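Examination of the molecular architecture
Here are the chains, one letter per residue:
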Amino acid sequence: MRDALEVDYPATTPTLLTRYMNIKAAESLTTDFATSGTVYYVIRGKGCSRDDHDEIDWGPGDLFCFPGGQQTKHAALDEDCLLFLATNEPLLSLDRLRPPVAGRALVQAVHWPADEIERQFEPVLQRPITENTSGHAVVFSSTALEGSTNILPTINCAINTLEPGRDQRPHRHNGVAVTLSLVGEAVYSMIEAQRVDWIDHGVQVTPPALLHSHHNRGSMRMRCLIFQDEALHYYTRTPGFSWT
């Protein structure tokens, strides 16, 4: 995407960089990203991640976050692991900045276990569906960013769902969206006039301001992990949400 965006640093969007991380069984991998923080979603496998201050044991369906500015070591247990990562590296790269020094970062290590995520979904899924319902979602934040719905200072993250046979009402917003399909059988999106069929664990990028909608023709509830820079637009008072 760096070529399409005409930048000289890695970027999925102007504000986001996403990756897959594969760790072989009983092996480890060390990351050190120039970012405010790194958010990890566990697609499969079990393991442990730690930096100089915190340690998190994780498994399938877990979401967790570590601050930037230091190395984080990730170790797989007795099976291969696949994780999806998101950072705000492009924003720092734009100004040639480095993350805060260790221990002074705004972002803190946080773990959202899969069973707690499911517990938070229970009341959400009971909410009635109206013409303005864009899905049933759980949004992730932390005490470090209390008062906001952000997972990083400029990035928000949610798991969104859509019932079988239902259509999400077309809408647009100024924030870009990077969508990881978790359960996407017979699901597709319309981005303006382009149809995009989902595949499990595939990623879709929805450009800013384009009219888009999601459609579930499968037998299971659609489920996806979404990263957006809407937090940046809320800060600058430019969210631009519209149903038309």
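Residues numbered from 1 in each chain as written. Predicted model: local features only at pLDDT ≥ 70, side-chain atom pairs only at ≥ 80, totals over all residues. Heavy atoms only, no water.

Topic: the sheet that holds strand E6 (residues 63–67)
Where we set the bar: For two strands to be treated as a pair, DSSP must find at least two bridges joining them. Helix and strand definitions follow DSSP, with helices as H or I runs of at least four residues and strands as E runs of at least two, each counted in order from the N terminus. Between the N-to-C directions of two axes lies an angle of 0 to 180 degrees, each axis being a line fitted to C-alpha atoms and, for a helix, fitted only over the stretch in contact.
With antiparallel pairing, the five strands of this open sheet are ordered in space as E1-E8-E3-E6-E9. Each of the sheet's edge strands pairs with one partner strand only, and the pair in question is strand E1 (17–23) and strand E9 (110–112). Adjacent strand axes in the sheet meet at a mean angle of 20 degrees, parallel and antiparallel pairs treated alike. Here E6 runs beside E9; their pairing, made up of three bridges, is antiparallel.

Side note on a nonpolar patch on the surface
In plain terms, the rule: Each patch is built from salt-bridge-free residues with over 30% relative accessible area, joining like charges within 9 Å and nonpolar side chains (Val, Leu, Ile, Met, Phe, Trp, Tyr) within 5 Å. For accessible areas, the Shrake-Rupley method is used with a probe of radius 1.4 Å. Any residue's cover is judged against the shown protein chains and nothing else. Every case where a carboxyl oxygen of Asp or Glu lies within 4 Å of a side-chain nitrogen of Lys or Arg is listed as a salt bridge. Think of it in three bands: with a 1.4 Å probe and only protein chains considered, a residue is buried below 20% of the maximum accessible area for its type, exposed above 50%, and partly exposed in between.
A cluster of nonpolar side chains, contributed by Tyr20, Val203 and Val205, occupies part of the molecular surface with about 230 Å² of accessible area. Its location among the elements puts valine 203 in strand E15 (residues 203–206). Taking the relative accessible area as the measure of exposure, valine 203 reaches 37% and is therefore partly exposed.

Concerning the nonpolar core
Test applied: Put simply, a nonpolar core is a bunch of buried Ala, Val, Leu, Ile, Met, Phe, Trp, Tyr and Cys residues held in one set by side-chain atoms that sit within 4.5 Å of each other.
Core analysis: the largest hydrophobic core is formed by 28 residues, its most contacted members being Tyr41, Leu63, Trp112, Phe140, Ile151, Leu225 and Phe227. Counting residues in hydrophobic clusters, the runner-up holds 13 residues, among them Ile56, Phe66, Ala76 and Cys81.

A look at the sheet that holds strand E5 (residues 55–58)
In space, the four strands of this open sheet follow the order E2-E7-E4-E5, with antiparallel pairing throughout. Single-partner strands in this sheet number two, and they are strand E2 (28–31) and E5. Mean inter-strand twist for the sheet, computed between neighbouring axes without regard to direction, equals 15 degrees. Across four bridges, E2 lies against strand E7 (residues 72–76) in antiparallel orientation. Residue pairing for E7: threonine 31 is matched across the bridge by threonine 72.

Structural notes on the pattern of salt bridges
The full count for this structure, using the stated rule, is nine salt bridges. Residue arginine 217 pairs with aspartate 167 through a salt bridge whose shortest N-O separation is 2.6 Å. Remark: aspartate 167 occurs in the loop between strand E11 (156–162) and strand E12 (177–183) and arginine 217 occurs in the loop between strand E16 (212–216) and strand E17 (222–228); sequence separation between them is 50 residues. By relative accessible area, arginine 217 is classed as partly exposed at 44%. Here arginine 195 ties to aspartate 197 by a salt bridge, and the two come within 3.0 Å at their closest N and O atoms. Relative accessible area serves as the criterion here: at 48%, arginine 195 is assigned to the partly exposed category.

Structural notes on the pairing of strand E3 (residues 37–44)
Within E3, seven of the eight residues are buried, leaving the element largely enclosed by the surrounding structure. One ladder, built from five bridges, connects E3 with E6; its direction is antiparallel. Pairing of tyrosine 40 across the sheet is with phenylalanine 64, part of E6. Here E3 pairs with strand E8 (residues 81–87) via six bridges, running antiparallel. In the strand pairing of E8, valine 39 is matched with alanine 86.

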